[in-house]
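# Reading the structure
Below are the chains, spelled out letter by letter.
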Amino acid sequence: EESRLYQSYINLQNEIIDARERQAIIQNARANKAVISAFRLMKARKLFREECQNAYEKRFDKKYHCYYYLNRRTGEVSWEKPKVFGNAGFDIEPTEEWIVMRDSQEFPYYYNSKTMKMCWEPPSDVDICQNTILYTWWKLHPFPSGQCFNFATKRSDEDELLYCEDCWNSQFRSS
């Protein structure tokens, strides 16, 4: 009788241990599933943001001095941040570029829309049109005609100098 009772006791302990092990296995599986789901969600959000960044471009408007969004695929333009970016802090980084702007007296200045830097003198890290008279325009009022404050976009094969689009067209297209 004692051996039967002892055997029942051992069987009951094994069942308790098995139930605890099953419970631990179930909890472990739930935890694994939660981690995998969170990882997949994070990965999907990252891929979605990359797709949005590839679909849209953030540009600076010289006339209104603010950013607008261009959908590269449809060509649609909007002053408001596209809804796909949500209300959170996620946005597109503007491209770092210098722009020639004009003040109220029509004097040119250079503005970087990403860093928000402004300067009267041409930035050292960009090419300036060959017809620009550097660092002297602000001393002369009114400034002489023929000066160019644009960035260079083309190099002449004849003289190896850099010109903006307008100066290039006036100097080489007319001849």
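Read on for an overview of the structure. (Residues numbered from 1 in each chain as written. Predicted model: local features only at pLDDT ≥ 70, side-chain atom pairs only at ≥ 80, totals over all residues. Heavy atoms only, no water.)

### What about the overall build of the protein?
Applicable threshold: By definition, any uninterrupted DSSP run of H or I lasting at least four residues is a helix, any uninterrupted run of E lasting at least two residues is a strand, and each is numbered from the N terminus. Exposure classes here rest on a 1.4 Å probe applied to the protein chains alone. A residue is buried below 20% of its type maximum, exposed above 50%, and partly exposed in between. Any two residues whose heavy atoms approach within 4.5 Å are treated as being in contact. Note on areas: Shrake-Rupley with a 1.4 Å probe; residue coverage comes only from the protein chains shown.
When helices and strands are counted, the protein shows two helices and eight strands. For the protein, buried positions account for 26% of its 175 residues. Restricting to contacts in the protein with at least 6 residues of sequence separation, those with at least 24 account for 31%. Taken as a whole, the protein presents about 13,400 Å² of accessible surface, with 52% of it coming from carbon and sulfur.

### Focus on the pattern of salt bridges
Cut-off, in case you're wondering: Put simply, a salt bridge is a Lys or Arg side-chain nitrogen that is within 4 Å of an Asp or Glu carboxyl oxygen.
In the structure shown here, the tally under the stated rule is four salt bridges. Of the charged contacts, one joins Arg-59 and Glu-57 as a salt bridge, the two residues approaching to 2.9 Å between their closest N and O atoms. Glu-57 serves as the salt-bridge partner of Arg-72, at 3.2 Å between the closest nitrogen and oxygen. Of this pair, Arg-72 sits in the loop between strand 2 (66-71) and strand 3 (77-78) while Glu-57 sits in strand 1 (residues 56-61); the two residues are 15 residues apart in sequence, bridging distant segments of the chain. Overlapping salt bridges, with partners in common, bring together Glu-57, Arg-59 and Arg-72 in one network.

### Quick notes on the sheet that holds strand 5 (residues 108-112)
Test applied: Two strands pair under a simple rule: DSSP has to find at least two bridges between them. With axes taken as lines fitted to C-alpha atoms, and helix axes fitted only over the stretch in contact, angles between N-to-C directions fall between 0 and 180 degrees.
As summarised here, the arrangement of the three strands in space is 4-5-6, forming an open sheet in which the pairing is antiparallel. Edge positions in the open sheet fall to strand 4 (98-102) and strand 6 (117-119), since each of these has one partner strand only. The mean inter-strand angle of the sheet, taken between neighbouring strand axes irrespective of direction, is 30°.

### Comments concerning the pairing of strand 5
Burial runs high along strand 5: five of the five residues are buried. Side chains of strand 5 alternate between two faces, with Pro-108, Tyr-110 and Asn-112 and Tyr-109 and Tyr-111 buried alike. Here strand 4 runs beside strand 5; their pairing, made up of five bridges, is antiparallel. Opposite Arg-102, over in strand 5, you have Pro-108 as the bridge partner. Counted between consecutive antiparallel strands, the loop separating strand 5 from strand 6 contains four residues, among which Met-116 sits at a positive phi close to 60°.

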